[in-house]
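Understanding the architecture of this molecule
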Amino acid sequence: MIRTDMLSAAKDLVKIPSVNGTEGERKVSEFLERCLRAFPYFRSHPDQIITQELKDDPLHRRNVIAWVKGNGNRTIILHGHMDTVGTGDYGPLEKYAFDPDALGEHMNDVSLRKEVREDLSSGDYMFGRGACDMKSGDAVILGILKDVSEHPEDLDGNLLVSFNPVEENLHSGILNAVPLLLKLKEEQGFDYILAINQDYICPLYDGDRVKTIYTGAAGKLLPCFYIRGKVTHVGQCFEGLDASLLASELVRGIHLNTALSDVYNGEVTMPPSVLKCRDLKSWYNVQTAQEAFVYFNYFVHDASIEELTSRLKLAAQEAFCRALERNVRESSRYTHQSHMQVKTFECEPKVITYGELLEEAGRSDAYHAEKAASILQEEQQKGTDAREIPIAIIRYLLACTGRSEPVMVLYYAPPYCPHNTVKEKNLLDEIHTIAEGVEKKSGERYRMMQFFPSLSDSSYLKLDDTDTSIQYLRKNFPGWEKLYPLPLEQMRALSIPAINYGCYGKDAHQWTERVNIPYTFGVLPILIQDTIDFYLKGGSR
């Protein structure tokens, strides 16, 4: 049976434009707070709703956290994000992007892929920005909390919900919430046994009808490469080493390279993907590029940061060698074609980490830590992108070392998402048992996978990386404390296993984004409620 109250709430939420980085994120939090305060339970317990404004946030965005208190300490968290991506991809339908009913009507007038047309005609899908990712999930959370709040005496524990902004880029909503969740754990005696995200799930291939439960969340690193070549005039192009050539070989060696994927218990991350690649020339001239900059998305399941860095350094070293080999090979061909001997630049391929460069610069009398700190501050004041601020620091460090030869410097930049790897076999077995029960009731089929494959706020509820691995990351993450301070100790203290059930839909982040109504507002509430019953009503003991 479809929960029409949840479907209606989802439409109301979609109608509030809450594109990441806009005031809409605050407005949607205000709407959710009003909904919660209208529940009879919270009229009697108003102090069990907390709105937490994000620190130093010019848009005054807020987390909304509420809980229903039962008779014990065991606590389940239901959480979801409130922000969406933009709507520019909707084209002529953009003005309807936040109105599911109107959008559905007007989509009849445009060209659609066969599958999209069939889903639209079926009436089983609600279209709109955020319908799938993930306001329908938020609506289900809201409805479940209302149900539970009507009979709190039945709970052998507590149910806490957390609605968070800023998930679609730097996750600052959940990062602000982490210390608060730890404070509540200490003050309220909450024993967090698991956190269930309702971020979207989708078919894994054409015709796939099995629903996926993810027991964990993939992590993410953002490895960046500052590249310095040797500049030359294009009329003597073999006498230098173009930084753009180094960058292109680096992309060729790392982008979509499945040999770099992280494998854990047979489950494989998507390979690294290039997110930015450009030279650093600021005006036109006829010199080859002296500098270039590249960074990649790198998903992580369980490997240490030292191991992943070693893989990246090796790939960069091989790319450097290929660029040098190309220079020699093509200069030889040119000599053969033109019968003119040309000078060819050669050097030793050099790839170092930021930590290694800093250590080398620190041995020089020219290096001053205060100078490096002031460079960071100046770049922040100029509004330089956080991923590119370290470039100015690296230039300074290279000058301190006296290096002038071509080099690649590998460093990490925000965001860093820790992997949340669930290794508790009893928990995995219990979720499997719950899913089997829902299969019998609903006719749905479930598969369990170890990692939610997209970026998720669930990453910040636990810290699986060892202290050694984290220290290695910090060593190679310029300006960590200023550019991306994380509440690492609080995350480790929380240590909450992450599960993702999720609203079910298709084409998230596309203009054809849509959520499946029968599953999301019919079956998903049963799955969540059965989980609550299992853990908080005696079923697990």
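The structure displayed is predicted, hence computed values, not measured ones.

Scoring rules and cut-offs
Throughout, a residue's number is its position along its own chain's written sequence, starting from 1. Whole-chain, interface and lining totals are the exception, using all residues; otherwise, since this is a predicted model, local features are given only for residues with pLDDT of at least 70 and side-chain atom pairs are given and counted only at 80 or more. As a rule here, side-chain values cover all heavy atoms of the structure and leave hydrogens and water aside. By definition, a salt bridge exists where a carboxyl oxygen of Asp or Glu is found within 4 Å of a side-chain nitrogen of Lys or Arg. Elements are defined by DSSP. Helices are runs of H or I of four residues or more, strands are runs of E of two residues or more, and each kind is numbered from the N terminus. Categorising residues by exposure relies on relative accessible area from a 1.4 Å probe, with only protein chains included: less than 20% of the type maximum marks a residue as buried, more than 50% marks it as exposed, and the intermediate range marks it as partly exposed. Only centres within 6.5 Å qualify two rings of Phe, Tyr or Trp (six-membered ring in Trp) as a pair; their planes then separate them into stacked at under 30 degrees, edge-to-face at over 60, and tilted for everything else. Here the expected length of a helix is defined as 1.5 Å per residue gap, with one fewer gap than residues. Taking the helix axis as origin, the arc is that swept by the directions to the C-beta atoms. The criterion used for residue contact is that any of the two residues' heavy atoms lie within 4.5 Å. Angles run from 0 to 180 degrees between N-to-C directions of axes, and those axes are lines fitted to C-alpha atoms, restricted for helices to the stretch in contact. In what follows, roughly perpendicular refers to angles from 65 to 115 degrees, roughly parallel to angles under 35, roughly antiparallel to angles over 145, and oblique to any angle outside these ranges. Less than a right angle of anticlockwise turn of the near helix away from the far helix marks a crossing as left-handed, whereas a clockwise turn marks it as right-handed.

1. So, the pattern of salt bridges
- This structure, assessed with the given rule, holds 41 salt bridges.
- Arg311 is paired through a salt bridge with Glu307; the nearest N and O atoms lie 2.5 Å apart. Of the two residues, Arg311 and Glu307 are both situated in helix α9 (residues 305-338); the distance of four residues between them amounts to about one turn of the helix.
- You can call Glu307 partly exposed: its relative accessible area is 38%.

2. Section: the packing of aromatic side chains
- The final tally for this structure, using the stated rule, is 16 aromatic pairs.
- A centroid spacing of 6.1 Å and a plane angle of 35° characterise the contact between Tyr367 and Tyr396, whose relative ring orientation is tilted. Of this pair, Tyr367 sits in the loop between α10 (354-362) and α11 (369-382) while Tyr396 sits in helix α12 (residues 389-401), and the two are 29 residues apart along the sequence.
- Among the residues examined, Tyr396 registers a relative accessible area of 13% and is labelled buried.
- Ring centres 5.0 Å apart and planes at 75° place the aromatic pair Phe534 and Tyr535 in the edge-to-face group. Tyr535 matches Phe534 in its accessibility class, with the two residues each being buried.

3. Thoughts on α11
- Here α11 contains 14 residues, and its C-alpha end-to-end distance of 20 Å stays within 8% of the 20 Å for a straight helix at 1.5 Å per residue.
- Residues Ala372, Ile375, Leu376 and Glu379 constitute the buried set of α11. Along α11, the residues classed as buried sweep out an arc of 95° about the axis, all on the same side. Residues of α11 that are exposed and point more than 90 degrees away from the buried face comprise Glu370 and Gln381.
- Those residues of α11 hidden inside the fold are in contact with α12 and α15 (480-483).
- Where α11 ends, the next residue or the one after it, Gly383, has phi of about 85°, a positive value.

4. Quick word on unusual backbone geometry
- That bond from Asp133 to Met134 is cis: its omega, -10°, falls within 30 degrees of zero.
- At the junction of Pro414 and Pro415, the peptide bond is cis and its omega measures out at 0° in the coordinates.
- With respect to the helices, strands and loops of the structure, Pro415 is situated in the loop between β16 (407-412) and β17 (420-421).
- You will see that Leu256, though not glycine, has its phi angle at about 60°, which is positive.
- When you line up the elements, Leu256 lands in the loop between α8 (243-254) and β11 (263-264).
- If you check the backbone angles, Asn265 has positive phi at about 50° while not being a glycine.

5. Description of helix α14 (residues 467-475)
- Buried residues of α14: Ser469, Ile470 and Leu473, and no others. Angular distribution of buried residues about the axis of α14 spans 100°; they occupy a single face of the element. Looking at α14, the residues exposed on the side facing more than 90 degrees away from the buried face are Asp467 and Thr468.
- As for α14, its buried residues are in contact with β9 (219-221), α9, β16, α15 and α16 (488-494).

6. Some words on the packing of helix α6 (residues 131-149) against helix α17 (residues 517-536)
- For the pair α6 and α17, interaxial distance at closest approach is 10 Å and the crossing angle is 50°. Taken together, α6 and α17 sit at an angle that is classed as oblique. Relative to α17, the crossing made by α6 is right-handed. Where α6 approaches α17, its residues Ser136, Val140, Ile144 and Val148 are matched on the opposing element by Thr520, Phe521, Leu524, Pro525, Ile528, Gln529 and Ile532.

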